[in-house]
Amino acid sequence: MKWLKRIAILLVVILVGIQFIPTDVNQQEEIPKTDIRHVYDVPDNVMNILQISCYDCHSNNTNYPWYSHVQPMRFLMDRDIREGKEELNFSEFGSYSQRKQKNKLDRISKQVKADKMPLPSYLLLHSNAKLSADDKQEIINWVETRLKQNE
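Residues numbered from 1 in each chain as written. Predicted model: local features only at pLDDT ≥ 70, side-chain atom pairs only at ≥ 80, totals over all residues. Heavy atoms only, no water.

### Side note on the layout of surface pockets
For the largest pocket, the calculated volume is near 790 Å³. Residue lining of the largest pocket: 34 residues in total, with Cys 57, His 58, Asp 80, Met 117 and Leu 119 positioned closest to the centre. Broken down by secondary-structure element, the contributors of at least two residues to the lining of the largest pocket are helix H4 (73–87), helix H5 (98–113) and helix H6 (120–125). When residues of the lining of the largest pocket are assigned to their parent elements, the largest contribution, nine residues, is made by H4. Grouping the amino acids of the lining of the largest pocket by side-chain chemistry returns 19 nonpolar, eight polar and seven charged. (1 Å grid on protein atoms, 1.4 Å probe; cavity = no way out; pocket = protein on both sides within 12 Å on 5 of 7 lines; lining within 4 Å. Points joined across faces, edges and corners; volume = space filled by probe spheres on them. Helix = DSSP H or I, 4+ residues; strand = E, 2+ residues; numbered from the N terminus. Nonpolar A, V, L, I, M, F, W, Y, C, P; charged D, E, K, R; others polar.)

### So, helix H3 (residues 44–53)
Looking only at H3, the buried set comprises Val 46, Met 47, Ile 49, Leu 50 and Ser 53. Down the axis of H3, the smallest arc covering the buried residues is 160°, so these residues share one side. On the buried face of H3, the contacting elements are helix H2 (36–39), H6 and helix H7 (133–149). (Buried < 20%, exposed > 50% of the residue type's maximum accessible area, 1.4 Å probe, protein only. Arc of directions from axis to C-beta. Contact = heavy atoms within 4.5 Å.)

So, in structure tokens, the structure goes:
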């Protein structure tokens, strides 16, 4: 029984200790000129959907919930944000080449159509980010219009 107590104490010490590991904050004070809203004419309704359902992981401005201040949740969030921004970063969309922008728009449409975004793991704690059928159609229509204009 003593070894169980020692393991429990060790786990508590580790959990308390990791709270002091510093983490980066993914927040910008200003919207950069490379943000998608400055590159394309994004309708307000589409921009609102993107901000609610996509920007936390796919931009340089994450809205951190209360549990993000508790490790190891923050480690997991930071990993997801880093991976999301590597795949697509709406804040830096204007810095992509025309070809890359077109490919990213095409992927957005495909991911939304296939219900692959937002990720189910994200939706567990962010139910407001779930895309309704209307939300999906608005994004798809806007993307397809953009792609046709870029041809």
